[in-house]
Amino acid sequence: MASRQKTGRERTASGGEGKNLSICIVSQGDPDALRQSLKAAAALSDETLVAFERSCSQARRVAREHGAAVVDAAGLSPAAARNAAAARARGRWILSIDEDQSLEDISASALRRTLLCDGVDAFLLTVETVSACGEVTDVFQHRQARLFRNLPALRFEDHALPCVAEAAERHGHSVRVCGLRLMRERSRACCGSFAGSIERLRSQASQRPGDAGILALLGRELYAAGDFGGAAEVMLEASRAAAPSQALAPYVAGLRAMALRESGRAADAVEECDRALEAGLSSPELHFGRAWALMALGRPREAAEGFSAAARARNRPVPWMMREPAVREYRAQMGAALALLEAGHPDAAAGWAGEAASRRPDLPETLVLLAIVRDAAGDRRGAAAALEMALRVDPSTLDALSLAAPWFAREGKAREAAAAAQRLCSALPGDPAPHIQLAAALAALGETDRAYCAAAKALSLSNGDCGILMDAGRVFAACHDPCGALRCFQEVIAREPGRAEAYFAAGEVMLQAGAFAEAAEILRLGIRLDGSSAAAHFALGNALARSGRLESAIRAWERALEIDPSLEEAAHNLRVARRALSRAA
């Protein structure tokens, strides 16, 4: 074995003297993505080559501007395109990437240390795909041998994953896992983005019937593409093909449970998981799938136990070709936090959410969940801190921005609230909620003109939504436009006559405008709907006193103090009114 490896290393591609690393980029003709890849590659490589699977004159021009060699790979399969670039490479090592994969997580020093490892011919890198499907972000990780010596035997094959590990093992070359990571972000919806892989896997499954590994890969791709019913059926085939002793068995059982849950068969998922666990199978996917199904069945306490087991379960080795694992530890920790929160245990949920955030502080969703759980546990300061961290990681994440404006406003951070609401308005221009949040923040900052405009914009988008009308009325009142505020509150009363807060808000505006008798009348109407508001009774007392009805005002203030004994202004008014009555007597 050693002699074969040595002979292979001596046959490194000719002309490589002085060149240590060649980075080969496979391009689909996206000039912007290619430009970013070339910039990052320039800091790491001695030579860069670009293989164009699709012709694009602008992208080719970008490649030449950055000094990269251009390889025509039009009409070739993905593996053949990678091999065409590798055949032209002159470096002792080759790193093969796609144009939309980021090299930012690979430092020159870490790469140099990796290449100095003796006795290794190919390295398995972690390839991470962050896929945004609507507002849900999922992270898929798998290992691929993309960094390898420039040897004739180490080339890509038409396999589902771009990886030279199978060729290396077949020819007796050593393969080792390294700590380097490639990252790809898919900002479009997942559905349809896996079509090429799915078709290749279907073809391979038909050529190699009964291959549990290929079937598991196909099921995983179908699940990621949103075809949950298809994924469940393929995973059933894979489970029949995989012997119970195989490492794939618990992995497949867990993925089938997840697919069943997503396709509306949560009860079947729990039943199958229970049978698998009784048979001695265990994997993070199995526990996660069962817990996720229990959540769908409204059993959060049991689900929390399942997510906890998923977070602590150890992965059994699976073939290198599989994405391992499908359920990362931090996702199980997030699931445990959500289940405990739904079960009414926010303090315990905060512990799991904290573990998930410490595991992946680079993902906004872990930090947003931590903020939500801390807020539910009463830790407002900690919640705001977690939210600020999420916005630092990704200032445009919608989940964080939608929470930021009201939370910052609640904490008295009007300027931060306005900034968050402004970004959300840009991301969701047709949604009235961020516009009204922006209006409230601007009103708190005293920027009345901008606040008025933002509130008007929210109203134009609201289609008569009473919540937006209420908020707009409050903004107009803060902008010293009592007429505009009253119009909003009166429209709410017309639409929802049983909404007491609209009567109270209208009464407050009338009171401030000096319409004391009218304010007293509308406040009384609101109190008949909801007599539990100390503030409403206090306002009624003020309106009655200003109308000259001091005895009625005293009764209103007394009622306010019965509801809230700490209302000092009501107590003060009550003392003054009683002295005035005693002097008059």
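Residues numbered from 1 in each chain as written. Predicted model: local features only at pLDDT ≥ 70, side-chain atom pairs only at ≥ 80, totals over all residues. Heavy atoms only, no water.

### Considerations on the overall build of the protein
Within the protein, the regular secondary structure consists of 28 helices and 8 strands. The burial tally for the protein puts 52% of its 585 residues in the buried class. About 26,300 Å² of surface is accessible on the protein, with carbon and sulfur atoms providing 49% of the total. (Helix = DSSP H or I, 4+ residues; strand = E, 2+ residues; numbered from the N terminus. Buried < 20%, exposed > 50% of the residue type's maximum accessible area, 1.4 Å probe, protein only. Areas by Shrake-Rupley, 256 points an atom, 1.4 Å probe, with all protein chains shown as cover.)

### Overview of the packing of aromatic side chains
Within the structure shown, the criterion is met by 7 aromatic pairs. Measuring from ring centre to ring centre gives 5.7 Å for Trp 93 and Phe 123, while their planes differ by 35 degrees; the resulting arrangement is tilted. Here the residue Trp 93 occupies a position in strand 4 (residues 93-98), and Phe 123 occupies one in strand 6 (residues 122-133), the gap between them amounting to 30 residues. A residue is classified by how much of its surface remains accessible, and Phe 123, at 1% relative accessible area, is buried. Here the aromatic residues Phe 288, Trp 292 and Phe 307 are joined through ring pairs into a cluster of three or more. Of note, Arg 82 hangs over the ring of Phe 156, and the distance from its end group to the ring centre comes to 5.7 Å. Its guanidinium or amino end placed over the ring of Tyr 330, Arg 360 lies 5.5 Å from that ring's centre, counting from NZ or CZ. (Phe/Tyr/Trp six-rings, centres within 6.5 Å; stacked < 30°, edge-to-face > 60°. Lys NZ or Arg CZ within 6 Å of the ring centre and 35° of its normal.)

### Focus: the side chain of His 287
Among the structural elements, His 287 can be located in helix 12 (residues 284-296). Of note is the side chain of His 287, whose polar atom sits 3.2 Å from the side chain of Ser 282. Look past the residues within four positions of His 287 in its chain and what remains in contact with it is Leu 277, Ser 282, Gly 306, Ala 309, Ala 310 and Ala 313. (Polar contact = N/O pair within 3.5 Å; in protein donor to acceptor, adjacent residues only side chain to side chain. Contact = heavy atoms within 4.5 Å.)

### Focus: the pattern of salt bridges
With the rule as written, the count across this model stands at 26 salt bridges. Note that Arg 275 and Glu 271 form a salt bridge whose closest N and O atoms lie 3.1 Å from each other. Taken together, the positions of Arg 275 and Glu 271, both in helix 11 (residues 266-278) and 4 residues apart, correspond to about one turn of that helix. The exposure class assigned to Glu 271 is partly exposed, which follows from its relative accessible area of 46%. The salt bridge partner of Arg 450 is Glu 447, with a shortest N-O separation of 2.7 Å. The exposure class assigned to Arg 450 is partly exposed, which follows from its relative accessible area of 44%. Through salt bridges with shared partners, a single ionic network connects Asp 471, Arg 474, Glu 496, Arg 499 and Glu 501. (Salt bridge = Lys/Arg side-chain N within 4 Å of Asp/Glu carboxyl O.)

### Here's the deal with the packing of helix 20 (residues 432-444) against helix 21 (residues 448-462)
Relative to each other, helix 20 and helix 21 sit at 160 degrees, their axes nearing to 8 Å. One element, helix 20, and the other, helix 21, form an angle in the roughly antiparallel class. Crossing of helix 20 over helix 21 shows left-handed handedness. Residues Pro 432, His 435, Ile 436, Leu 438, Ala 439, Leu 442 and Ala 443 of helix 20 form the contact with helix 21, whose participating residues are Arg 450, Ala 451, Ala 454, Ala 455, Lys 457, Ala 458, Leu 461 and Ser 462. Here the contact of helix 20 with helix 21 is composed, by residue class, of 11 nonpolar, 2 polar and 2 charged. (Axes fitted to C-alpha atoms, helices over the stretch in contact; angles between N-to-C directions. Parallel < 35°, antiparallel > 145°, perpendicular 65-115°, else oblique. Left-handed = near helix turned anticlockwise from the far one by under 90°. Nonpolar A, V, L, I, M, F, W, Y, C, P; charged D, E, K, R; others polar.)

### A look at the packing of helix 13 (residues 300-312) against helix 14 (residues 329-342)
Where helix 13 contacts helix 14, the two axes come as close as 8 Å, and the packing angle between them is 160 degrees. Considered as vectors, helix 13 and helix 14 are oriented roughly antiparallel to each other. For the element pair helix 13 and helix 14, the recorded crossing hand is left-handed. Listed contacts from helix 14 to Pro 300, Ala 303, Ala 304, Phe 307, Ser 308, Ala 310 and Ala 311 of helix 13 are Glu 329, Ala 332, Gln 333, Gly 335, Ala 336, Ala 339, Leu 340 and Glu 342.

### Comments concerning the confidence of the model for the protein
Mean pLDDT over the protein works out to 84, with 88% of the residues at or above the 70 mark. For the protein, the element scoring lowest by mean pLDDT is helix 1 (residues 2-10), at 39; helix 25 (residues 516-529) scores highest, at 95. Across residues 1-17, confidence stays below pLDDT 50; counting only partners more than four residues off in sequence or on other chains, it has 30 contacts. Note on residues 187-194: pLDDT under 50 across the span, and 19 contacts to partners over four residues away in sequence or across chains. (pLDDT = per-residue confidence, 0-100.)

### Observations regarding the pairing of strand 3 (residues 69-72)
Strand direction decides the pairing type here: strand 2 (residues 47-52) and strand 3, joined by 4 bridges, are parallel. Across the sheet, the residue bridging to Leu 49 is Ala 69, located in strand 3. Following the backbone out of strand 2, through helix 3 (residues 57-65) and into the adjacent parallel strand 3, one traces a crossover that is right-handed. (Pairing = 2+ DSSP bridges. Right-handed = clockwise from strand over helix to strand, strands pointing away.)

### What about the state of the cysteines?
What the rule picks out here adds up to 0 disulfides. Summary of cysteine pairing: Cys 479 is not part of a disulfide, and the nearest cysteine sulfur, belonging to Cys 453, is at 9.3 Å. (Disulfide = S-S within 2.5 Å.)

### Re the pairing of strand 2
With 6 of its 6 residues buried, strand 2 lies for the most part within the structure. Burial along strand 2 is two-sided: Glu 47, Leu 49 and Ala 51 and Thr 48, Val 50 and Phe 52, pointing in opposite directions, are all buried. Strand direction decides the pairing type here: strand 1 (residues 21-27) and strand 2, joined by 6 bridges, are parallel. Its bridge partner being in strand 2, Ser 22 is matched across the sheet by Glu 47. Handedness of the crossover is the feature at issue here: the chain leaves strand 1, passes through helix 2 (residues 31-42), returns alongside strand 2, and the resulting connection is right-handed.

### Things to note about helix 27 (residues 550-563)
If you check helix 27, its first and last C-alpha atoms are 20 Å apart, about what 14 residues at 1.5 Å a residue would give, namely 20 Å. Every buried residue belonging to helix 27 is among Ser 552, Ala 553, Ile 554, Ala 556, Trp 557, Ala 560 and Leu 561, and all of these are buried. Of the surrounding secondary structure, the elements contacted by the buried residues of helix 27 are helix 25, helix 26 (534-546) and helix 28 (568-584). (Expected span 1.5 Å × (residues − 1).)

### As for unusual backbone geometry
Even without glycine at this site, Asn 463 takes up a positive phi of about 55 degrees. Inspection of the secondary structure assignment puts Asn 463 in the loop between helix 21 and helix 22 (466-478). Given the relative accessible area of 75%, Asn 463 is considered exposed. Unlike most non-glycine residues, His 480 shows phi in positive territory, near 65 degrees.

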